[in-house]
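This is what each chain is made of:
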Amino acid sequence: MSKTLNAYRIKKIESLGRMTAMTQEEMVAGARTVAAGLEALRAEHTQLLAGLAANTEHEHEKVSLVRKSIDAIELGLGETQVMIALASHLQSVEAEKQKLRTQVRRLCQENAWLRDELAAAQQRLQASEQRVSQLEEENKHLDFMASIRKYDSDINEESETSRSGQGDNKRDDPMVDLFPDDDHEDNRNNKSMSPTPPSQFAQQVNAGYEIPARLRTLHNLVIQYASQGRYEVAVPLCKQALEDLEKTSGHDHPDVATMLNILALVYRDQNKYKEAANLLNDALSIREKTLGENHPAVAATLNNLAVLYGKRGKYREAEPLCKRALCIREAVLGRDHPDVAKQLNNLALLCQNQNKYEEVEQYYQRALEIYESKLGPDDPNVAKTKNNLASCYLKQGKYKEAETLYKQVLTRAHEREFGTIDGDNKPIWQVAEEREENKHLQRENAPYGEYGGWHKAAKVDSPTVTTTLKNLGALYRRQGKYEAAETLEDCALRSRKEGTNQASEPRMNLKSKLFNALGINTGSNAPHQ
């Protein structure tokens, strides 16, 4: 019996050794198999014990051994049950562990999603704060604009007055002030320049680029102050607007370039040429980057820079800038556009100051052809260009050609107001020449005042006609025709003095004005001889 028990124990130990290398499921299955074997062994021992109990007298020792064996079997069964229960518990623990792992993974995913949502919310918050800051700046700008909006009505009224004084001349040449006209000969060497008129100032700034609504009021106000010579107000306004624009839109923005142009022209009128040149170069760089190198606004900036160099006497530096502006306008607008003619006029002035008279004549003649074909012979720019071409002829000693152009201007102005010229309807230059021929007779019979009032009609094309009167008068004086020269010069002088009053008077029949100025009864159809 002891041998059997020992063999069982050895087998059990070996079985336990094998079980350590088994999986949990295999160990549980083995434990159950062992439990079944132990149950069967216990049943056999129980039967054996019952058989021995019948012969208690001789089998005490065997009974004792059997009882010990049954106890060992009971112990084995108890251990087996414990192992099975432990395995079941471990399985439940493992299941709970897997469940917890799943929950941990889900929580990690939710945490990552919440982090992403938090980051997105922070970005939206930052963007909202930036937008709020921008809106606050715009609100401050709008408050400032509202504070100066009261000046709008004054500006509009003055603009209307300026337009009415100019008559039908809606295409003022923004380049005509590059060099003084011949009637400002006494200011040719004077470095002090008068303020740029509002219409010319605006065209020099805005050509090719529309001013946005948010800048229009401030833009008009700065131009108005600058045209009045109130630079102490215009410059701070312009600088403040420039600073606000750079904060809201960045430096490289077309609106910034426009404001730089305005400030540069204000500095130019103050003779601060270096500061103006720096600003115009900066504006040119911005417009080339934002609008393209062939945009009309780039041509406008190039032209302003050329004008600036021209005022400083740097004609060679100005000429290539002016030619580039001309190429851009020809490419964008066409070779026969009036703005191309304006640029040709400007280029001719630059070349004239370099004594390139052949080129000057070509530029003026081409500009004249454009104006006459596109705007008609009565457009003020035709008369201006003829005056400029006549000036070129004078510098070359071509007095006959210059005289012909001056007479064409005055004749056209006369015909436009008084009709076809005949023996009783003579232009002022013809009256002046007749006065020269009959000067001795006129001194005796005709007071000079009868011939000096043609200035009443000069306002039709003023100041171009006034300039032509004085230029032709100077030419007559050079030719020794002093009586004719005095007639035209006096007419031009009276026209300049009374030009402002005439602009505000109600329009009346100009022929009647002419006769009244000549001291003739308005019922008469011709001056007394």
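Rules and cut-offs
Residues numbered from 1 in each chain as written. Predicted model: local features only at pLDDT ≥ 70, side-chain atom pairs only at ≥ 80, totals over all residues. Heavy atoms only, no water. UniProt positions renumbered as here; feature names shortened; annotations may be inferred. Core = buried A, V, L, I, M, F, W, Y, C linked by side-chain atoms within 4.5 Å. Buried < 20%, exposed > 50% of the residue type's maximum accessible area, 1.4 Å probe, protein only. Helix = DSSP H or I, 4+ residues; strand = E, 2+ residues; numbered from the N terminus. Salt bridge = Lys/Arg side-chain N within 4 Å of Asp/Glu carboxyl O. pLDDT = per-residue confidence, 0-100. Contact = heavy atoms within 4.5 Å. Polar contact = N/O pair within 3.5 Å; in protein donor to acceptor, adjacent residues only side chain to side chain. Expected span 1.5 Å × (residues − 1).

The name recorded for the chain in an unreviewed UniProt entry is Kinesin light chain, from Vanessa tameamea. The Subunit (unreviewed entry) comment attached to the chain in UniProt states, word for word, "Oligomeric complex composed of two heavy chains and two light chains." As its UniProt record puts it under Function (unreviewed entry), the chain is described as follows: "Kinesin is a microtubule-associated force-producing protein that play a role in organelle transport."

To continue, consider the nonpolar core. Counting 84 residues, the largest nonpolar core has Leu469 and Leu472 as the members making the most contacts within it. If one sorts the elements of this core by residue count, helix α8 (residues 254-269) sits on top with nine residues.

Pairing is possible between side chains that carry opposite charge, provided their charged atoms lie close to one another. For the coordinates displayed, the defined rule picks out 18 salt bridges. As a salt-bridge pair, arginine 106 and glutamate 110 come within 3.0 Å of each other at their nearest N and O atoms. With a gap of four residues between them, arginine 106 and glutamate 110 both fall in helix α3 (residues 60-148), about one helical turn apart. Of the residues examined, arginine 106 reaches a relative accessible area of 42% and is grouped as partly exposed. One continuous salt-bridge network, built from bridges that share partners, spans Glu319, Lys323 and Lys356.

Averaged over every residue, the pLDDT of the chain is 75; residues scoring 70 or more account for 70%. The model gives residues 151-194 a pLDDT under 50, and that stretch makes 79 contacts with residues more than four places away or in other chains. Here residues 502-529 is modelled with pLDDT under 50, and outside its nearest four sequence neighbours on either side it reaches 43 contacts, counting other chains as well.

Let's shift gears to unusual backbone geometry. The phi dihedral of asparagine 271 is positive, around 65°, even though this residue is not glycine. The residue asparagine 271 is located in the loop between α8 and α9 (273-291) in this model. On the basis of relative accessible area, asparagine 271 is assigned to the partly exposed category, the value being 30%. We note that asparagine 355 has phi near 65°; this positive angle belongs to a residue other than glycine. Mapped onto the secondary structure, asparagine 355 falls in the loop between α12 (338-352) and α13 (357-374). With relative accessibility at 53%, the residue asparagine 355 sits in the exposed group.

Mapped onto the elements of the fold, threonine 258 is located in helix α8. The exposure class of threonine 258 is buried, given its relative accessible area of 2%. Here the side chain of threonine 258 touches arginine 287 through a polar contact of 3.2 Å, side chain to side chain.

The feature "repeat: TPR" (unreviewed entry), as given by UniProt, occupies residues 257-290, 341-374 and 383-416 in the numbering adopted here. Secondary structure across residues 341-374 comprises 88% helix and 0% strand; the distance between its end C-alpha atoms is 10 Å. Measuring from the first to the last C-alpha atom of residues 383-416 gives 13 Å, for a span that is 91% helix and 0% strand.

Taking 1.5 Å per residue as the helical rise, helix α19 (residues 464-478) with its 15 residues ought to reach 21 Å, and the 21 Å between its terminal C-alpha atoms agrees with that figure. Burial analysis of α19 places 11 of its 15 residues in the buried class, which makes it a mostly covered element. Among all positions of α19, only Thr464, Val465, Thr466, Thr467, Thr468, Leu469, Asn471, Leu472, Gly473, Leu475 and Tyr476 are buried. The first or second residue beyond α19 is glycine 480, which carries a positive phi of 85°.

Here we come to the environment of leucine 333. Within the secondary structure, leucine 333 sits in helix α11 (residues 315-333). What makes leucine 333 partly exposed here is its relative accessible area of 32%. Along the backbone, leucine 333 and proline 296 are 37 residues apart, and their C-alpha atoms lie at a distance of 8.6 Å.

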